[in-house]
Structure formats: C-alpha cells, structure tokens
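# Overview (structure and organization)
Listed below are the residues making up each chain.
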Amino acid sequence: MGQIKLNQVSKSFGTVEVIPPLDLTIENGEFVVFVGPSGCGKSTLLRLIAGLEDVTSGHVMIDGVDATSIPPAKRGLAMVFQSYALYPHMSVRKNIAFPLRMAGLDKAEQDRRVRQAAEVLNLTDYLDRRPGQLSGGQRQRVAIGRAIVREPKAFLFDEPLSNLDAALRVGMRLEISELHKRLKTTMIYVTHDQVEAMTMADKIVVLQAGVIEQVGSPLELYQRPRNTFVAGFIGSPKMNLIGGAEAEKHGAATIGIRPEHIDINEKDGLWQGTVGVSEHLGSDTFFHIQCGVSPEPITVRATGEKAFEYGAKVHLTPRPEHLHRFDAKGLRIA
Amino acid sequence: MARAVTPRRKALNTFAAWLIGLIIFFPILWIFVLSFKTEGNAILPPLDVLRAPWTFESYGIVQDRSDYFKHFGNSVILAFGSTLLGLIIAVPAAWAMAFVPGKRTKDILMWMLSTKMLPAVGVLYPIYLMFIKLGLLDSRIGLVIVLMLINLPIIVWMLYTYFREIPGEILEAARMDGATLREEILYVLTPMALPGMASTVLLNVILAWNEAFWTLNLTAAKAAPLTAFIASYSSPEGLFYAKLSAASVMAIAPILIMGWFSQKQLVRGLTFGAVK
Amino acid sequence: MATQHSRSAARLMMAPAVTLLLGWMLIPLSMTLFFSFRKYLPMRPDIAQEWVGFDNYVRFVTSSSFWPSIQATLIIVGGVLAITVVLGIALALLLSQEMWGRGIVRVLVIAPFFVMPTVTALLWKNMFMDPVNGFFAHILKAVGLTPIEFLSQHTLLSLIVIVAWQWLPFATLILLTATQSLDAEQLEAAEMDGAPWVSRFLWIMLPHLARAITVVILIQTIFLLGIFAEILVTTQGAFGSRTLTYLIYQRVLESQNVGLGSAGGVYAIILANIVAIFLMRIVGKNLDT
C-alpha cells in the first residue's frame, strides 16, 4: 500500500508563504512527477511528505493515517537525494544495510536483502567499495538500493538525475521506470526537467510558486494544457504562444500552437515569414522563423530531410484542430 | 596553474625558494646545532662552532638541574586539558549552530569571535584578583580554564566550519533511514566529523602550548609550563647558550612537528573562515 | 530539518558555551571598568580606595610615558605589518610556482610560527643579537666591523625583526591559500589579452588577494597590539620599547596602580575594538556565502 493524501497542506518560512494550502491525492502504485521551474516549491512539497519539514497547516495522510506529526523515519517512506547523500565512511554494503541496521533487523536478513538489492541494481561487484570510488551512476544506484531494501510504502526522489551527465541520465531514467514497473510501489519524483516528467510519469503535477497549475497524465497535459504556463512548460521545443491581432481572430487573448503542428512550405500558407536559424537533429529539423504575427520567432518542427536557406521566404500554416486558445488570464478556453 | 614550466624556470624557482626557506628556518636550525655543543664551544664564531665536537651533554644538564620534565608535564596538561575541556563544551554548540541554524546563529558566532579580540591586558587585573581570591594562582586547573576560555571561540568556529561541510542531506538521509538523534550522531556525524575534530584539537593544542601571556602572569613555580620555564632563562643564565638551546629545542620540537601537520587548519582556524 | 523539537535541543546545546563566554567577557570587563574609576593601590594600604571619576583616564594619557608607548606600539605594529605583508605576498607567489621539494620549503617557511614566543625572544636576543657572542656579532667581527648592540641601540628595529620573523609564516600561509584559489584561466585569459607580468600581478593577482591581505592585516594587528612575552624577555620595556600593552602591565602588576592601569586597559580595549569591527565585517560577509 502507499496512498498519500495532502489535505490543505501549506508551508511558510517565517512570513514567506512558499506553498499556499493545497490538496493532492497520490494513488497506490502511481508514478507521480512534481515538475516546475526552480524555486516553485516542488522540493519543499516532497520534504513535507517525507517529514523533513513541518507543515505549517494541513494534514499529510499516508494510507489513510494522519502522518502529520509522525517523524520521518516512522512514515515508512524512502528517499533518494539529489546529492545521493551516501555515507562516505561506509562501504556500499554498509550504506545499503544502514536502514535495516537502524530497524534492528538481524544480520542474516540484512545480508539477504542487501544481496538481493545489489543484484537488482547491478552492484554486486561493488559492495565492498566506498562511495568515493564509484562513478556518478553507481552512486545513484547505491542510493536507490538503500531506498529499496526498506520495502517502503513509497519512494521519494528529489531531482535524482540532475548531477549525472546527459547520456547517463537517459539510462538511469529507464532504470528507474523499469524499477517502478517491477516493484509497483508508489513513487514521487521531483524534477525541473519536463522531458523526465513526460517520459516517466503516470501523473504529472505542474507547480509554479507553490501552486498546482495542473494535474494529469503526460498526454493530457500535452494535449489540453489548462493555462499558458503549462502550455509553455510541457513539450519540447516549446509551444509557440502568439498574442495580439492574430489571437483576437480566434476570439482569444493568446493562441498556442506546437512546433509539430505547423506546416511549412515555400509556396503559400496562412503566415509569411523569413527563415532564421535551422537546427538539424537528423530525425527532425527545427526552423526558427520570423513572422509578422508575433515579435518572437515561431518554431516549426519538420522532418529531417526538410531544408531551407537562412533568409529564405516561407509560408506557415497552423493546423486548426491543434490550436490552443487562452483568455486574458491565461486560462484555456474550452 | 597546471601549465608545464621549462626546467630552467623550475630550477630557478627551486633555488630561490630553498634559499629563502633556509634563511627563515636558520635560527631554529642554529639553536639545534648549538644544543649539541659544549658551553665553551657554543659561543665561538659560527664556523668554529660547526667544527667543534658534538655532544649530548647539554640535554643531560637541562634535565638534571632544572626540572625540565615538570614544566614539560605542565605544558602537556595545560595544552591538552584546555583543548579537551573546550572540545566538550564546543562540540554541542557547534553542532547546534551548524545543523539547526536560527536567526541569531550568525550573531552568536560573531559575538564569540569578538570575545577573542578582547586584549588580555585589559582584563589582567580582574583575572589576577579572582585567581588570588579563589586560590587558583599558580595552579594548573586555573590555567586550564583560562586557556580553554581564550581558545573556546576558535574551537567553536573551527568545528562549526567543519560541521557545515557535512551535507545536510546526509543527516536527513540518516533520519529517513530510521536513525534516532543518538544514532545519527554516533554512526553518521561523528565518523564524518572526526578528521575536522582532530585538526581542531591539533591547532588548539599548539595555540595553548605557545600561549605566553596568562601562563607568564598567572604562574610561579608549581604550575609553570615551558613558556615560563624558558622565560626564566632570560638573564643572566641566558648566556649559557648550549643549555638554553637544548631547553628550547625540547620545548619547541613536539609542537613544531604537530604544527607541520596542521598547516591547512591553521589558515581555517586563525582567519575564522575568512580566507579559503 | 529544522523542526520545533530540534530547535529547543539546539538552544540547550549552545547554552554552556554561550554562558561561559558571556561570563568570561562580562565579569572581568565590568571589574576593569569599575577599577578604572577608583583610586586603588593594593600594595599601599595607607592610601584609601575611593571614587576618582575620570581622573585615572586623564592621568593615563597625560603621563610622560603614554605618548612614547603609543609611538612604540605604532612603530612595531606598522613595521611588522609592512614586512610581513610585502614579504608574505612575494613568498606566497614564489611558493605557488612549480619547483622541486615545495612541501619541504613550505615546512621550513612555516616553522617560526610554531616556536613559542619566549623561545623566539631568547634565541634572537642571545644567540643572534648579543653584541659579544651573538651570530651577527661574530659575522660583523669577521668582516672587520664593530658589533652592533641591536636591542639597546636599535631597539624597535630589532623587535620588529624578531616579531616579523614570528609572523611572516602566518601571512605567507594565508596569502598562499588565497593564491591557490585564483582561477588559472583568469590569468591565462589576461595573458591572451596581452597583459605583461606586472599588469597581471597588479590587476588580477593583487585584487584577488585584496581580501586575504586585509584579513592578514586585521588579525595580525589584533595579535600584535598584544605582544608581551617578546618584550618581557628581551628589554622589559627599556630603551623605548614600552608598548601600550607593556605599559599597562607595568602599571597593574609591577607598580600595582590598579586604577590607573585599568583606565589604560579600557583604552586598549577600545583600540582593539576599532580594529575588530573591520575584521568582523569581513568575516560576517563570508559567513553568508
């Protein structure tokens, strides 16, 4: 089991309210990602769930039990920290066994669980090394190992991949997803990287300034962003947001169109523009096009073969069925 | 400056640095040489001193005649006693300030630092008077307390900077892993802080060993450490170069060796983290 | 991690250290302040203790030994600072270069700092500066010159040399630490920009060292204002070497004029505090980062 429910939970540091009261339910076995720009309160929210910070008001319920005043160790949650937080003076084996030792398990049981976790995480050969002798990816796996041996109700990940290089990050992302599929335990994962959120989550919680902007599956967020913030935050490259006269034509304050939903050709189209920088990724090409309809260049995603000269005149046509409309407050118009 | 330099440049640097290093070190080297000569030979011109026969004679005389070991023992008790006592009081304080910082933590640290800047001579008479009234004059326990108090700010500061280098996430991880406060301190914090604590002890033993205001003014015969013992040579016995040299070498050798191990901590401890 | 429970525990843990230091500061300080307004000569029971207002303060600064003591203090502190900072920068730059046996050279340079002040004073006074058997006297005689009576004829200069020898390692070590934190790429960028060695030193190294230099100056000033053993052992305040600290010591313990000495002590505390304020500002700024 591992259902976590936040009832009107808020957090203030002194007079600064970091998180205004919010409600959120995380179902058992879900992989939930908290995503948002840095300073949006996502890590604080995670630490409130962990019990590392006191809530200012409201209640944290774990499996229907009010855990608000239960100390972190007794909540049955395990956490993987951004810096991995491995104990530098202990071997990998001792690191992974530490929570079991604290729980007073007997030596044989500790050994059995550590060996099991090491096997799952490919750490068997490294058990007698110190964290300082491991690579970033290996340290990350030790931190995860330390979390899984406890067989917690839920795993909490605080930006666990941000200290890894790009290639490793992709690998670890898959490993963590794989782990979730196998363990089927609730996981709460904090990141500022929307790609991680999109690829891993069952449910994404988009936060800004401590406020939940939208909760939904990755596709829901992609297809029906509730406001301009979510629209701009989810998806890469970013959605083109256009205001002014062009938006008014559609009866909105702002319209949004994703780069992949714009057709581009040299002959005719709705908007006329000049090709700026092109980014060729092989599979795709991104064109940045200066258009009359918006002061910002419009990003267009095309297939890899497409090529235009710098400065070439082109025509763009947004696909009307993919047009997003937002009102003056930035909220989606249904 | 990882750039490779030419061998000629490197040789030049080496020569200049060694020359200057040896000049600076020379006075210490010289008393070392003099301590192995006879009294008569020690006052000869330098080249004749070097040519004169070597002998351990002076070391024997210093020990026989002047209770060297009593003073050495006092120095050890004062230096280690005051440091240990300081450590016992400072560890909890530094722990609290580093891991549970409050609004006033910074002010408290700064204020502690300011007590270190109080000129000793400004409070000489009150302390002297209190020592007389409490019967602490020329007692080791009195000096242990005074030396502990004058070094307490440095001990707190050093421990604070070492503790602060321990990432808070590690302690949180321990807490998540189910460690109680006691277990957290015992299994996680202490092993990680041990090197820092050792350095703190080292530097403070050195500072207490060499302290030469209170040890000179608050002791007579019984509790006098090596600083006072050496000062007693100032005249007219000072003319006995060989014995004076032997006594000096014995007084500074242990601390010189400790000092060489504490170079890095010296900067941290004496600049209160203002230079990194 | 800051929960209510840990906060009250923290306060309890700080209490012993704070209480002790508070007592150590306040009790003697208020006693000194108290004595400074009294006529108090414990060795002369015939003279009654009484309140004298600011009499001691006035008498301390108007006595014939006050200004010479200020002068001696300033010359010694200033001289030692000048020598240690200039040589310290030079040595730090030299020691940060590539060389063979850098570790050993460092050890040699740092050694004087660990020599106890009384040994330092005695070894210079007798083995080096003694006009009959001292090392310098032998050298001067060998080249046909008359030996110099360093401590009685060039008293302050001799004291400056002794104290500078003791403190040069401290300045060097701190400046060396600061030098090592200088980004090598910055220097290389300046080199690419065509800055010759002198400009690189003036415009990049020196500004980078500025804070370390300030710290060296402030910390040394505080310690140098209080030098005691060096003077006690070498000249006992004779030949114009009576610094403010030594003067107060003589008033308090030698002539046991506690009231007068305490007034002097208050002056010394004020003087040290002026320097301390600047130092604390730098340390405080660093605490935030």
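The shown structure was predicted, so the numbers you read here are calculated from the model rather than taken from an experiment.

Cut-offs used in this document
Residues numbered from 1 in each chain as written. Chains lettered and ligands numbered in written order. Predicted model: local features only at pLDDT ≥ 70, side-chain atom pairs only at ≥ 80, totals over all residues. Helix = DSSP H or I, 4+ residues; strand = E, 2+ residues; numbered from the N terminus. Rg over C-alpha atoms; globule rule 2.2 N^0.38 Å. Buried ≥ 20, exposed ≤ 12 C-beta atoms within 10 Å, placed from the backbone. Contact = placed C-beta atoms within 7 Å. Pairing = 2+ DSSP bridges. Axes fitted to C-alpha atoms, helices over the stretch in contact; angles between N-to-C directions. Nonpolar A, V, L, I, M, F, W, Y, C, P; charged D, E, K, R; others polar. Core = buried A, V, L, I, M, F, W, Y, C linked by C-beta atoms within 7 Å. Parallel < 35°, antiparallel > 145°, perpendicular 65-115°, else oblique. Left-handed = near helix turned anticlockwise from the far one by under 90°. Expected span 1.5 Å × (residues − 1). pLDDT = per-residue confidence, 0-100.

## Considering the overall build of chain C
From N to C terminus, chain C includes 13 helices and two strands. In terms of overall dimensions, chain C is more spread out than a globule: its C-alpha atoms have a radius of gyration of 24 Å, far above the 19 Å expected for 289 residues. Projected onto the principal axes, the alpha-carbon positions of chain C cover approximately 80 × 80 × 30 Å. Looking at chain C residue by residue over its 289 residues, the buried ones come to 44%. Contacts spanning at least 24 positions in sequence make up 69% of the contacts within chain C whose residues lie at least 6 apart.

## Concerning the overall build of chain A
Along its length, chain A carries nine helices and 18 strands. With respect to the three principal axes, the spread of C-alpha positions in chain A is 75 × 45 × 30 Å. Residues counted as buried form 42% of the 334 residues belonging to chain A. Considering only residue pairs separated by 6 or more positions, chain A has 63% of its internal contacts joining residues 24 or more positions apart.

## Re the sheet that holds strand 5 (residues 65–66) of chain A
All names here are of chain A. In spatial order, the strands read 2-1-4-5; together these four strands make up an open sheet with antiparallel pairing. Edge strands, defined here as strands with exactly one partner in the open sheet, are strand 2 (16–26) and strand 5. The pairing of strand 1 (residues 4–13) with strand 4 (residues 57–62) spans five bridges and is antiparallel. Along strand 4, the bridge assignment pairs serine 10 with serine 57. The strands that helix 1 (residues 42–50) touches are strand 1, strand 2 and strand 4; relative to strand 1, the one it contacts most, it runs at about 120°.

## A closer look at the interface of chain B and chain C
Taken residue by residue, the interface counts 92 residues in chain B and 90 residues in chain C. Its residues assigned to classes, the side of chain B that touches chain C shows 70 nonpolar, 18 polar and four charged.

## Here's the deal with unusual backbone geometry
A cis amide bond links serine 236 of chain A to the next residue, proline 237 of chain A, at an omega of -5°. Even without being glycine, lysine 184 of chain A reaches a positive phi, approximately 55°. Relative to the helices and strands, lysine 184 of chain A is located in the loop between helix 5 (166–183) and strand 8 (186–191). Overall, the presence of 13 C-beta atoms within 10 Å leaves lysine 184 of chain A in the partly exposed class. One non-glycine residue with positive phi stands out, namely phenylalanine 239 of chain C, at about 55°.

## Here we look at the interface of chain A and chain B
Between chain A and chain B, the residue contacts involve 17 residues of the former and 14 residues of the latter. Broken down by secondary-structure element, the contributors of at least two residues to the side of chain A that touches chain B are strand 6 (77–80) and helix 2 (92–102) of chain A. For the side of chain A that touches chain B, the element with the highest residue contribution is helix 2 of chain A, accounting for three residues. Grouping the constituent residues of the side of chain A that touches chain B by class yields 14 nonpolar, two polar and one charged.

## Here's the deal with the nonpolar core
Within the largest apolar cluster, 269 residues are counted, with the highest numbers of intra-cluster contacts made by Leu156 and Ile188 of chain A, Ala94 and Val156 of chain B together with Ile174 of chain C. It is helix 8 (residues 140–165) of chain B that contributes the most residues to this core, 17 residues altogether. Discounting residues that sit within four places of it in the chain, alanine 94 of chain B has contacts with Val156, Leu159, Tyr160 and Phe163 of chain B.

## Quick word on the pairing of strand 3 (residues 31–35) of chain A
Residues and elements named next belong to chain A. Across the five residues that make up strand 3, a large majority, five, are buried. On strand 3, burial covers both faces: Phe31, Val33 and Val35 on one face and Val32 and Phe34 on the other are all buried. Where strand 3 lies against strand 8, five bridges are found, and the strand directions are parallel. Bridge assignment links valine 35 to a residue of strand 8, and that residue is threonine 191. Where strand 3 meets strand 9 (residues 203–208), four bridges bridge the pair, whose relative direction is parallel. Each bridged residue has a counterpart across the sheet, and for valine 32 the counterpart in strand 9 is lysine 203.

## Considerations on helix 7 (residues 124–133) of chain B
Considered for burial, the residues of helix 7 of chain B that qualify are Leu124, Tyr125, Pro126, Ile127 and Phe131 of chain B. Downstream of helix 7 of chain B by one or two residues, glycine 135 of chain B has phi in the positive range, about 65°.

## Quick notes on the packing of helix 1 (residues 7–34) of chain B against helix 3 (residues 66–95) of chain C
Any two packed helices are characterised by the angle at which their axes cross and by the distance between the axes. Where helix 1 of chain B contacts helix 3 of chain C, the two axes come as close as 10 Å, and the packing angle between them is 135°. Judged by the inter-axis angle, helix 1 of chain B sits oblique to helix 3 of chain C. As helix 1 of chain B runs across helix 3 of chain C, the sense of the crossing is left-handed. Contact residues: helix 1 of chain B offers Asn13, Ala16, Ala17 and Ile20 of chain B, while helix 3 of chain C offers Leu91, Leu94 and Leu95 of chain C.

## Focus on the sheet that holds strand 8 of chain A
Residue and element names in this part refer to chain A. Taking strand neighbours across the sheet as the criterion, the six strands line up as 6-7-8-3-9-10 in an open arrangement whose pairing is mixed. Here the strands that pair on one side only, and so sit at the sheet edges, are strand 6 and strand 10 (211–216). In this sheet, adjacent strand axes meet at a mean angle of 15° when their direction is disregarded. With four bridges connecting them, strand 6 and strand 7 (residues 154–158) associate as parallel partners. Along strand 7, the bridge assignment pairs leucine 77 with alanine 154.

## So, the environment of serine 262 of chain C
When you line up the elements, serine 262 of chain C lands in helix 13 (residues 258–288). For serine 262 of chain C, a count of 30 C-beta atoms within 10 Å corresponds to the buried category. Sequence-wise, serine 262 of chain C and arginine 38 of chain C are 224 residues apart; in three dimensions their C-alpha atoms are separated by 9.2 Å. Apart from residues lying up to four places away in sequence, serine 262 of chain C is in contact with Tyr125 of chain B together with Thr32, Phe35, Ser36 and Asn56 of chain C.

## So, the packing of helix 13 (residues 241–261) of chain B against helix 5 (residues 117–128) of chain C
At a closest axis distance of 11 Å, the pairing of helix 13 of chain B and helix 5 of chain C adopts a crossing angle of 155°. Comparing their axes, helix 5 of chain C and helix 13 of chain B come out roughly antiparallel. As helix 13 of chain B packs across helix 5 of chain C, the resulting crossing turns out to be left-handed. Contacts from Tyr241, Leu244, Ser248, Ala251 and Ile252 of chain B of helix 13 of chain B reach helix 5 of chain C at Val119, Leu122, Leu123, Asn126 and Met127 of chain C. Considering only residue class, the contact of helix 13 of chain B with helix 5 of chain C consists of eight nonpolar, two polar and no charged.

## A few points about the environment of glutamate 57 of chain B
Summarising the element assignment, glutamate 57 of chain B is placed in helix 4 (residues 57–66). Placed 130 residues apart in sequence, glutamate 57 of chain B and tyrosine 187 of chain B show a C-alpha to C-alpha distance of 52 Å.

## Some thoughts on helix 4 (residues 136–148) of chain A
Residue and element names in this part refer to chain A. In this model helix 4 runs 19 Å from its N-terminal to its C-terminal C-alpha over 13 residues, within 8% of the 18 Å that 1.5 Å per residue would give. Burial within helix 4 is extensive, with 11 of its 13 residues counted as buried. For helix 4, the complete set of buried residues consists of Gln138, Arg139, Gln140, Arg141, Val142, Ala143, Ile144, Gly145, Arg146, Ala147 and Ile148. Next to the buried residues of helix 4 lie strand 6, helix 2, helix 3 (107–120), strand 7 and helix 5.

## Focus: the confidence of the model for chain C
When pLDDT is averaged along chain C, the result is 87; 97% of the residues meet or exceed 70. Within chain C, helix 3 of chain C carries the highest mean pLDDT (93), whereas helix 9 (residues 184–192) of chain C carries the lowest (79).

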